[in-house]
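Working through the structure, step by step
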Amino acid sequence: MPPSGARIAATVRADVRALAAYPVAEATGCIKLDAMECPYELPEAVREDIARAVRDTPLNRYPSADLSALQQAVRAAFGVPDAAGLLFGNGSDELIHIAIQACCAPGDVVLSPWPSFVYFDMAARFDHARFVGVPLTEDLSLDLPAMLAAIREHQPKLVFLAVPNNPTGGLWPAEQVQAVIDAAPGLVVIDEAYQPFADGTWMPRVLDLPNVVVMRTVSKIGLAGLRFGYLAGSPDWIAELNKVRPPYNLDVLTQAALLAVLRHKPVLDEQAARLRADRGPLAAALAALPGTRVFPSAGNFVLARFSGKMDGNAVHLALKTRKILVRNFSGAHPLLADCLRISVGAPAENAALLAALQEILS
Ligand SMILES: Cc1ncc(COP(=O)(O)O)c(C=O)c1O
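Since the structure is predicted, the reported quantities are computational estimates derived from the model, not experimental observations. (Residues numbered from 1 in each chain as written. Predicted model: local features only at pLDDT ≥ 70, side-chain atom pairs only at ≥ 80, totals over all residues. Heavy atoms only, no water.)

**Digging into a nonpolar patch on the surface**
A cluster of nonpolar residues, Ile8, Val12 and Val16, forms a patch on the protein surface that exposes about 190 Å² of accessible area. Checked against the element boundaries, Val12 lands in the loop between α1 (5-11) and α2 (14-17). Overall, the relative accessible area of 34% leaves Val12 in the partly exposed class. (Patch = residues over 30% accessible without salt bridge, like charges linked within 9 Å, V, L, I, M, F, W, Y side chains within 5 Å. Areas by Shrake-Rupley, 256 points an atom, 1.4 Å probe, with all protein chains shown as cover. Salt bridge = Lys/Arg side-chain N within 4 Å of Asp/Glu carboxyl O. Helix = DSSP H or I, 4+ residues; strand = E, 2+ residues; numbered from the N terminus. Buried < 20%, exposed > 50% of the residue type's maximum accessible area, 1.4 Å probe, protein only.)

See below:
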């Protein structure tokens with residue numbers, strides 16, 4: 001017997017009932033430029049290594065508590081300081097929850113520049129924290145005076161800074177990030193999901209900054225299907241965060257596959273470098289379309305505003321009809337009016353997108 005609507009309404013949290021589930025578009029047969037995935041598949045030799053590693057992984061036991069081999073591989077591959085603690089998550093989405101659950105009692109504040117990664121807000125709400133988004137400036141830069149005033153007013157337990165930022169692509173200047181770190185009374189999570197496409201990283205300094213942890217993911221460098229994120233910081237922070245990590249959160253197949261792939265780390269670097277090199281020409285070609293503004297991006301994507309012949313919603317729909325998926329932010333926030341976020345794809349995908357937009361907009 002199906003449950004009655006009244007029982008569900010009386011049981012499920014009102015704020016959860018009012019939400020929509022995280023949108024994932026149906027993508028069969030489409031050019032997929034909506035989720036900042038790497039468009040390149042792993043070479044055959046790497047896949048062979050993964051297959052061997054997975055075949056030899058026993059599934060009858062829970063994952064081992066000893067993660068030292070994976071920790072060593074992650075340190076070596078991604079430049080995590082030897083003395084830093086490491087926490088692994090089922091994607092950095094899980095690490096966001098872990099940080100909030102460890103730091104925030106109900107009603108405590110999680111703060112981030114806004115718009116930024118939508119899951120900072122969602123996770124805070126799910127975990128009974130209060131999310132404060134500090135608006136960016138009109139040109140989608142960090143509004144440092146507003147950030148400092150909000151930190152003073154709300155005394156956040158946690159500040160999330162996506163550097164570079166999603167969905168805008170902006171890379172906050174180091175001195176502004178430092179000013180936020182200095183002002184924050186609690187923990188600052190620097191989310192470097194898009195660092196492989198940008199200049200600079202806060203990782204080497206993570207032990208010099210007493211209230212900072214650095215979070216990264218492998219999702220944007222070719223491994224979105226693996227669901228693996230890592231968070232590095234002082235072992236004292238990591239020990240506390242680790243207490244709320246769900247037991248066995250990192251499954252044995254993910255661990256085995258990641259260890260195998262990291263033996264071929266230059267493949268991931270090369271893919272990221274290709275996307276980074278293709279970003280500039282894609283942005284320039286988009287900016288040359290009539291009525292289109294492109295915001296500077298340090299990620300593997302660009303944000304573009306369409307305010308010519310067609311608005312953002314219409315362009316999004318016209319692309320979708322042509323089986324090209326991009327992410328529509330038109331209605332997400334006033335600062336993102338008519339904005340679409342477009343992942344850098346493989347050259348043929350970028351060419352198809354540009355040809356479609358030429359046709360749509362001229
Ligand atoms: C800034 C930022 N952080 C974290 C994530 C989540 O990454 P993961 O796939 O590791 O959960 C994303 C995904 O889009 C992101 O944009």
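**Topic: helix α12 (residues 312-321)**
The complete set of buried residues in α12 reads Gly312, Val315, His316, Ala318 and Leu319. Axial view of α12: buried residues confined to an arc of 165°, hence all on one face. Opposite its buried face, α12 presents the exposed residues Leu317 and Thr321, each directed more than 90 degrees away. Where the residues of α12 are buried, they touch β10 (301-306), β11 (324-325), β12 (327-328), β13 (339-343) and α13 (347-361). (Arc of directions from axis to C-beta. Contact = heavy atoms within 4.5 Å.)

**Observations regarding the side chain of His97**
Residue position: His97 is located in helix α5 (residues 92-103). When residues no more than four places from it in sequence are discounted, the contact partners of His97 are Tyr119, Ala123, Phe126 and Asp127.

**Observations concerning the domain arrangement of the protein**
Each assigned domain of the protein is listed here: domain 1 (5-43 + 267-361) and domain 2 (56-263). Centre-to-centre, using C-alpha coordinates, domain 1 lies 23 Å away from domain 2. With 29 residues of domain 1 at the interface, the matching set in domain 2 holds 34 residues. Carbon and sulfur atoms make up 66% of the area that domain 1 and domain 2 hide from each other, which totals about 2,500 Å². Summed over the shared surface of domain 1 and domain 2, the number is one salt bridge. Asp199 is the salt-bridge partner of Arg276, the closest N and O atoms lying 2.8 Å from each other. (Domains from an automatic or database assignment. Buried area = accessible area lost by both parts, 1.4 Å probe.)

**Digging into the packing of helix α11 (residues 265-287) against α13**
A packed helix pair is summarised by two numbers, namely the angle formed by the two axes and the spacing between the axes. For the pair α11 and α13, interaxial distance at closest approach is 11 Å and the crossing angle is 5°. The angle between α11 and α13 places the two elements in the roughly parallel class. For the pair α11 and α13, the contacting residues are Asp278, Leu282, Ala285 and Leu286 in the first and Pro347, Asn350, Leu353, Leu354 and Leu357 in the second. (Axes fitted to C-alpha atoms, helices over the stretch in contact; angles between N-to-C directions. Parallel < 35°, antiparallel > 145°, perpendicular 65-115°, else oblique.)

**Describing the site of the ligand**
Near the ligand you find 13 residues, and of these Ser92, Asp191, Tyr194, Thr217 and Ser219 are the closest. With respect to the ligand, the backbone of Asp93 contributes an N or O atom lying 3.0 Å from an oxygen atom. Within the contact set of the ligand, an oxygen atom lies 2.7 Å away from a side-chain nitrogen or oxygen of Asn166. For the ligand, whose unbound accessible area comes to 390 Å², protein coverage reaches 94%. A majority-of-atoms criterion places the ligand in the largest pocket. (Near = heavy atom within 4 Å. Polar contact = N/O pair within 3.5 Å; in protein donor to acceptor, adjacent residues only side chain to side chain. 1 Å grid on protein atoms, 1.4 Å probe; cavity = no way out; pocket = protein on both sides within 12 Å on 5 of 7 lines; lining within 4 Å. Sits in = over half its atoms within 2 Å of the grid points.)

**Some details on the side chain of Asn249**
Within the fold, Asn249 resides in the loop between α9 (235-242) and α10 (252-262). For Asn249, a relative accessible area of 10% gives the class buried. Within the local environment of Asn249, its side chain forms a polar contact with the side chain of Glu94, the two groups lying 2.7 Å apart. Ignoring any residue separated from it by four or fewer positions in sequence, one finds Asn249 in contact with Phe88, Gly89, Asn90 and Glu94.

**Here we look at the packing of α12 against α13**
In the contact formed by α12 and α13, the axes pass within 10 Å of each other and the chain directions differ by 125°. One finds that α12 runs oblique with respect to α13. In the packing of α12 onto α13, the handedness of the crossing is right-handed. Listed contacts from α13 to Val315, Ala318 and Leu319 of α12 are Leu353, Ala356, Leu357, Ile360 and Leu361. (Left-handed = near helix turned anticlockwise from the far one by under 90°.)

**Observations regarding the pattern of salt bridges**
By the definition in use, this model includes 15 salt bridges. Across the salt bridge formed by Lys32 and Glu37, the nearest N and O atoms sit 3.0 Å from each other. Classification of Glu37 as partly exposed rests on a relative accessible area of 28%. Bridged by salt links that share partners, the residues Lys32, Asp34 and Glu37 form one connected network.

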